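Given next are the chains, with one letter for each unit.
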Amino acid sequence: MRVPVLIINFKNYREGYGDRGLDICRYASRVSVEYGLDIYVAPPTLMLMRFIEHCGADIYVQHADPVTYGAYTGSIPVEALKDMGVKGVIINHSEKQLEVRQIIELVDKARQYGLVSVVCADTPVLGKIIALAGPTAIALEPPELIGSGIAVSRARPEIIVEGVKSIKSISRDIVVLAGAGISSRDDVEKALRLGSEGVLVASAIMKARDPGKVIEDFAQAMVNYSK
Ligand code: G3P
């Protein structure tokens, strides 16, 4: 995972489905190539195969279960995701929370099958505990700011500063991301300035009148900061 990185979580926004969702994914893929940035897309789970087949971006799943093929009704096996061409898995999003034991199992399975693991943590303390499992990345996301348009980098900068310090004290290899309320170039730049290595974003892109422009604005903020 090259940093800085942008991960777009489509959640289950209506705009993430069908051709409109594919268009957003294609914007992300174009901007990723144009700016030389890693931009990953996590579409609605029901759209995974269509995005993998018709969009060039690296596709992540929004949630998975620590199981493999077999009698696991309704589950999402990590091994099947790998076989489909999924590149990474978001784990423990605040809208899909797991027990620490399940988080550890999923991080291990993702590693076993060569998938990137991005684990969400709502506090720096939980981030430090999760870091012990050795995921690829940890996203610091205070739930109360998710979908609010009030960026964690503006309203709760200490979460990023303390989270980076806590996680990096366990392993400097773990990428630390910031998410929740990120809505402008300034929010992105501030998140990077506070020590994060990228952002996890949903509504600012998915609910935008021009999602492609928002993706490009965020990419420009990342490139400008990295100069
Ligand atoms: O996964 C990222 C998401 O939870 C952040 O949501 O809408 O505040 O960007 P949003």
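Located above this text is the structure these notes cover.
Description of the structure in this document. All values derive from a computational prediction rather than experimental measurement.

The volume enclosed by the largest pocket comes to roughly 250 Å³. Taken together, 13 residues line the largest pocket, and the ones lying closest to its centre are Asn12, Thr45, Gln62, His63 and Lys96. Classifying every residue of the lining of the largest pocket by side-chain character gives 4 nonpolar, 6 polar and 3 charged.

Per the counting criterion, the structure on display carries 16 salt bridges. Measuring nitrogen to oxygen at the nearest pair gives 4.0 Å for the salt bridge that ties Arg185 to Asp217. A residue pair is termed long-range when its members are at least 10 positions apart, and Arg185 in helix H8 (residues 185–193) and Asp217 in helix H10 (residues 211–226) qualify at 32 residues. A network of salt bridges, in which partner residues are shared, links Glu99, Arg101 and Glu105.

If you trace the 8 strands once around the closed barrel, you get E1-E2-E3-E4-E5-E6-E7-E8, paired in parallel fashion. The mean inter-strand angle of the sheet, taken between neighbouring strand axes irrespective of direction, is 25 degrees. Sheet topology note: the strand E7 (residues 175–179)/strand E8 (residues 198–201) ladder contains 2 bridges and is parallel. Its bridge partner lying in E8, Ala178 is registered against Val199. Contacts from helix H5 (residues 124–131) reach strand E5 (116–121) and strand E6 (137–140) within the one sheet, and its direction differs from that of E5 by about 150 degrees.

Take the pairing of strand E2 (residues 38–42) next. Within E2, 5 of the 5 residues are buried, which leaves the element mostly enclosed by the surrounding structure. What you see with E2 is no split at all: Asp38, Tyr40 and Ala42 on one side and Ile39 and Val41 on the other are buried throughout. Pairing analysis gives 5 bridges linking strand E1 (residues 5–9) to E2, with the strands arranged parallel. Its bridge partner lying in E2, Asn9 is registered against Ala42. In the classification by handedness, the crossover that spans E1, the intervening helix H1 (residues 18–35) and the parallel E2 is right-handed.

Turning our eyes to something else, we now look at the environment of Cys25. Examined against the element boundaries, Cys25 turns out to sit in helix H1. Judged by relative accessible area, Cys25 falls into the buried class, the value being 0%. Once the C-alpha coordinates of Cys25 and Gly56 are considered, the two residues, 31 residues apart in sequence, prove to be 8.1 Å apart. When neighbours within four sequence positions are excluded, Cys25 is seen to be in contact with Phe10, Val41, Phe51, Cys55, Ala57 and Ile59.

Criteria and thresholds
- Residues numbered from 1 in each chain as written.
- Predicted model: local features only at pLDDT ≥ 70, side-chain atom pairs only at ≥ 80, totals over all residues.
- Heavy atoms only, no water.
- 1 Å grid on protein atoms, 1.4 Å probe; cavity = no way out; pocket = protein on both sides within 12 Å on 5 of 7 lines; lining within 4 Å.
- Points joined across faces, edges and corners; volume = space filled by probe spheres on them.
- Nonpolar A, V, L, I, M, F, W, Y, C, P; charged D, E, K, R; others polar.
- Salt bridge = Lys/Arg side-chain N within 4 Å of Asp/Glu carboxyl O.
- Helix = DSSP H or I, 4+ residues; strand = E, 2+ residues; numbered from the N terminus.
- Pairing = 2+ DSSP bridges.
- Axes fitted to C-alpha atoms, helices over the stretch in contact; angles between N-to-C directions.
- Contact = heavy atoms within 4.5 Å.
- Buried < 20%, exposed > 50% of the residue type's maximum accessible area, 1.4 Å probe, protein only.
- Right-handed = clockwise from strand over helix to strand, strands pointing away.

It is worth stressing that arrangement in space is one thing and function is another; only the former is reported here.
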